Amino acid sequence: MTQWLFARRIVALASLCAGVALTAFAAPPVAPVRDTPQTYHGVTLHDPYRYMENVRDPEVKAWLLSQGTFARAALDRIAGRDKLEQRIAQLSAASGDTVRDLIRMPGERIFYLKRPARAKQARLMMRVGLHGAERLLVNPQVQAAQTGVPHSINYFVPSWDGQHVAFGMSAGGSEDASLYVLNVTTGKLLGAPIARVREPNVSWTPDSQFVSYNQLKVIGPEDAETETYLDSRVMLLKVGAPEASARAVFGPTVTPQLGLARLDVGSLLFTPGSPWVVARTTDTTLPEGSLFVAKVSELERGGAVAWRQVASFEDRVVDIELRGDDLYMRTFKGAPRYKVMKLDLRTPVLANAVDVAQAPQDGVIEGFALTRDGLIAAVRESTAIGLRRYPAGDREGRAMKMPFVGAAGLLADPAHVYGDVLYSMSGWTQPERIFQLNGEVSVDTRLQRVSTGSALTGVVVEEYKVPSHDGALVPMTVLYRKGLKRDGSNPTLLDGYGAYGFSETAHFDPASMAWLERGGVLAFANVRGSGVYGEPWRAAGFKSTKPNTWKDGIACAQYLIAQGFASPRTLAVTGGSAGGIFAGRVVTTAPQLFAAAVFNVGTMDSIRSEESANGITNISEFGTVKKPDEFRALLEMSTYHHIQDATAYPAVMFVHGLNDPRVEVWESAKAAARFQAATASAKPVLLRLDAQAGHGIGSTATQRHAMRADIYSFLLWQMGKTQQAP
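Everything numeric in this text was worked out from a predicted model, so none of it was measured. (Residues numbered from 1 in each chain as written. Predicted model: local features only at pLDDT ≥ 70, side-chain atom pairs only at ≥ 80, totals over all residues. Heavy atoms only, no water.)

**A short note on the overall build of the protein chain**
Then comes step 1: Looking only at helices and strands, the protein chain has 13 helices and 37 strands in total.
Then comes step 2: In summary, the protein chain has a C-alpha radius of gyration of 25 Å against a globular reference of 27 Å for 726 residues, a match within 12%.
Then comes step 3: C-alpha extents for the protein chain along the principal axes are approximately 75 × 60 × 55 Å.
Then comes step 4: Counting the 726 residues in the protein chain, one finds 61% classified as buried.
Then comes step 5: The long-range share in the protein chain, meaning contacts at least 24 apart out of those at least 6 apart in sequence, stands at 60%.
Then comes step 6: If you sum the accessible surface of the protein chain, you get close to 27500 Å²; carbon and sulfur atoms cover 52% of it.
Then comes step 7: Across the protein chain, 76 positive and 70 negative side-chain charges occur, with their mean positions spaced 5 Å apart. (Helix = DSSP H or I, 4+ residues; strand = E, 2+ residues; numbered from the N terminus. Rg over C-alpha atoms; globule rule 2.2 N^0.38 Å. Buried < 20%, exposed > 50% of the residue type's maximum accessible area, 1.4 Å probe, protein only. Contact = heavy atoms within 4.5 Å. Areas by Shrake-Rupley, 256 points an atom, 1.4 Å probe, with all protein chains shown as cover. Lys, Arg positive; Asp, Glu negative; His and termini not counted. Charge placed at Lys NZ, Arg CZ, Asp CG, Glu CD.)

Spelled out as structure tokens, the structure:
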């Protein structure tokens, strides 16, 4: 297996087991209980494992190590686990190369990330023209080989003239990216990397002479973690100049006259041919924020810049594009399914903006792109996303014919110099390909080589509308192989998220075939909190309405059982990141419905999460304990606080990377300890850890394959489809 997997380190197993042979349900190392009660708005909460929040404490580190070792030993003994990993790797390699984040620049230059079929990590590539020769620019495996730690490219932004590309790279899944600038012609890096440039808020001035970036401040040992994202600054640096010469041009401490909040993370938007620069703020969680406009010439001269505010948070602008004097904005203010407006920046008053694109009756505008002379929108209908063209003066637009039913993703043409459009397209059973839409016709560009026969043949895809507790109809997509008997014996995995307006979308996942081949069923639920029906559906699973998220999940679980796909002996639930709220509260509310659950880097302790670096940025999505009504909502959604003693819980596996910057590993640790102490079912509770991973972003293909094999093996074991070796 791979050297990166912490879970493969089994050196402490013998001492852990104290010479006693492991049985199927041998106990993991017990965590001491040290209750830390705290009262919020008259409610006293008990917190028996708060000390685990200090993951640097030697005792906590030792407990985590022992838990990871125990989990690894248990997983390695599941019959067929290694063969399953081999099959997942085989299926993934057979689907061909992966190409993503393609950016089309002037001069037919195309930049993109590519992971060849059997490579561990994506590389930065470029070519001139759709059929030009491919050139390697950056391979993070070089740094991985030098340091023994996996590296990944977090983002990249080419200069308009194509002479340079700025990119962020981080190690060990940490997402703590440093900014590099590469000379495309020579392949040489310019100067030293610039630290603390985590967000992809990088842009180039129209003449390609300056690069702007958002930089976090230096955090000292005396500073709280919650200071991490506060008071960031947008810097402007001349190409080739040392970092010390960079100028701070925007941010809470740089432009105090604008009244920015400390959590406002800024970025600048430039476009060739436009005299304007647009400054945008978000809290890194919700996309809406404030917009300001100024002249590029003022910014480049130095000195005071006459920023003028265009929009505030209440205007609900979530996407922007700039062309000439016109600023295009996607917003949901007064438009539950979103619309696109255009504002002439020569008179930058939002009331003067005109609507240029409205969503169709049954669709949601999820994104848009400007071509040389028009506008194309990506429009969602359930899990499918199609393209819709909006000619000048036509706010209704018309749908484009798509190559197949699936999800289209518009690829970037930030200079808006092309008349055609490049987009990616994939489906539940169709591998992703990149198409060129020229007029009415879509042509496969062959930029992403797809292996012959890689489509998932023999797979049935069905769409359901599941009645929830209050009669709301929850969209759920179910995948299984033809010939499946609905006798309740099929291993079935229910997956949901339900936060930030992110929706379950048709996507091609060749590794999932390893599950379907074993008689498995996959169900994807667009519970409330997702954006499948636009803003009202998202708002119906938000803060005080968050219980709808897991109540929808319970309804979907009951439906899968009622339809004969599964039974409580063969049904599992999973959720990752904020989806941990969905999966965790489903399990703690209705444990009798499930054989097993998997929480992947999940939010488990909603009460304490805002004390973490990234937790403070999520207050806008989930709320704060400082407000009585939001505290009550947070308590409802906190899995950790709803684990009850002497309850027969299903088998549980937590999956987490020790370098996770989004959801701290202590959330999984605390919840694992609590489940282990509380469950009366004698079913295992495992904490699977990876010392060279974070939130999953930046993990190598090898790490992903191993994780998937562990998850599927664990579920099959708990559903009685396989056994542990003695």
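**Section: the pairing of strand β14 (residues 265-269)**
Then comes step 1: By the criterion of burial, β14 is predominantly enclosed, with 4 of the 5 residues buried.
Then comes step 2: Between β14 and strand β15 (residues 276-282), which pair antiparallel in sequence order, lie 6 residues; one of them, glycine 273, sits at a positive phi of approximately 90°. (Pairing = 2+ DSSP bridges.)

**Focus: the packing of aromatic side chains**
Then comes step 1: Following the criterion strictly, the structure yields 22 aromatic pairs and no others.
Then comes step 2: Measuring from ring centre to ring centre gives 5.4 Å for phenylalanine 250 and tryptophan 307, while their planes differ by 70°; the resulting arrangement is edge-to-face. Separated by 57 residues along the polypeptide, phenylalanine 250 in strand β13 (residues 247-250) and tryptophan 307 in the loop between α5 (296-301) and β17 (308-311) bring together distant segments of the chain.
Then comes step 3: Judged by relative accessible area, which is 11%, tryptophan 307 ranks as buried.
Then comes step 4: With a centroid separation of 5.7 Å and an interplanar angle of 65°, the aromatic rings of tyrosine 500 and phenylalanine 622 are classed as edge-to-face. (Phe/Tyr/Trp six-rings, centres within 6.5 Å; stacked < 30°, edge-to-face > 60°.)

**As for the sheet that holds strand β32 (residues 492-496)**
Backbone hydrogen bonds are what pair the strands of a sheet, in a parallel or an antiparallel way.
Then comes step 1: The strand order across the open sheet formed by 8 strands is β30-β31-β33-β32-β34-β35-β36-β37, and the pairing between neighbours is mixed. Strand pairing shows two members of the sheet lacking a second neighbour, β30 (459-467) and β37 (685-690), which therefore form its edges. Within the sheet, the average angular offset between the axes of one strand and its neighbour, ignoring direction, is 20°.
Then comes step 2: As paired elements, strand β35 (residues 596-600) and strand β36 (residues 651-657) share 5 bridges and run parallel to each other. Bridge pairing in β36 links phenylalanine 599 to phenylalanine 654.
Then comes step 3: Here helix α2 (residues 58-76) sits on the sheet and contacts β36 and β37; the angle it forms with β37, its principal contact strand, is near 105°.
Then comes step 4: Contacts from helix α9 (residues 579-589) reach β32, β34 (571-576) and β35, with the element oriented near 150° to β34. (Axes fitted to C-alpha atoms, helices over the stretch in contact; angles between N-to-C directions.)

**Digging into the nonpolar core**
One broad trend across soluble globular proteins is that nonpolar side chains are buried collectively.
Then comes step 1: Of all hydrophobic cores here, the largest spans 71 residues; its most connected members are Met52, Met476, Val478, Leu494, Val573, Phe599 and Phe654.
Then comes step 2: The biggest single contributor to this core is helix α12 (residues 665-678), with 7 residues.
Then comes step 3: Residues within four places of leucine 494 in sequence aside, it is in contact with Met476, Ala523, Ala525, Gly553, Cys556, Ala557, Leu560, Ala572, Val573, Thr574 and Phe582. (Core = buried A, V, L, I, M, F, W, Y, C linked by side-chain atoms within 4.5 Å.)

**Considerations on α12**
Then comes step 1: Taking 1.5 Å per residue, 14 residues should reach 20 Å; α12 reaches 20 Å between its end C-alpha atoms and fits that length.
Then comes step 2: Here α12 lies mainly inside the structure; 13 of its 14 residues are buried. (Expected span 1.5 Å × (residues − 1).)

**Describing the environment of lysine 627**
Then comes step 1: Residue position: lysine 627 is located in the loop between α10 (619-622) and α11 (628-637).
Then comes step 2: The class of lysine 627 is partly exposed, set by a relative accessible area of 44%.
Then comes step 3: Through-space distance from the C-alpha of lysine 627 to that of threonine 574 is 30 Å; in sequence the pair is 53 residues apart.

**With respect to the pairing of strand β12 (residues 233-238)**
Then comes step 1: In terms of strand pairing, strand β11 (residues 210-215) meets β12 through 6 bridges, oriented antiparallel. Bridged to tyrosine 213 within β12 is methionine 235.
Then comes step 2: Here β12 pairs with β13 via 3 bridges, running antiparallel. Note on β13: the bridge partner recorded for methionine 235 is alanine 248.

**Considerations on the packing of helix α8 (residues 547-562) against α9**
Then comes step 1: Running from N to C, α8 and α9 point in directions that differ by 65°, and their axes come no closer than 8 Å. In this structure, α8 meets α9 at a crossing whose hand is right-handed. Every residue of α9 that contacts α8 at Thr549, Trp550, Gly553 and Ile554 is listed here: Ile581, Phe582, Arg585, Val586 and Thr589.
Then comes step 2: For the contact of α8 with α9, a count of residues per class yields 5 nonpolar, 3 polar and 1 charged. (Left-handed = near helix turned anticlockwise from the far one by under 90°. Nonpolar A, V, L, I, M, F, W, Y, C, P; charged D, E, K, R; others polar.)

**A few points about the side chain of asparagine 614**
Then comes step 1: Position of asparagine 614 among the secondary structure elements: in the loop between β35 and α10.
Then comes step 2: A relative accessible area of 13% means that asparagine 614 is categorised as buried.
Then comes step 3: Apart from residues lying up to four places away in sequence, asparagine 614 is in contact with Tyr229, Pro661 and Arg662.

**Considerations on the sheet that holds strand β20 (residues 339-344)**
Then comes step 1: Read across the sheet, 4 strands follow the order β18-β19-β20-β21 without closing on themselves; strand pairing throughout is antiparallel. At either end of the open sheet lies a strand with only one pairing partner, and these are β18 (317-323) and β21 (354-358). Shown here is a sheet whose adjacent strand axes are inclined to one another by a mean of 25°, direction ignored.
Then comes step 2: Here β18 runs beside strand β19 (residues 326-331); their pairing, made up of 6 bridges, is antiparallel. From the neighbouring strand, arginine 323 faces β19, where its bridge partner is aspartate 326.

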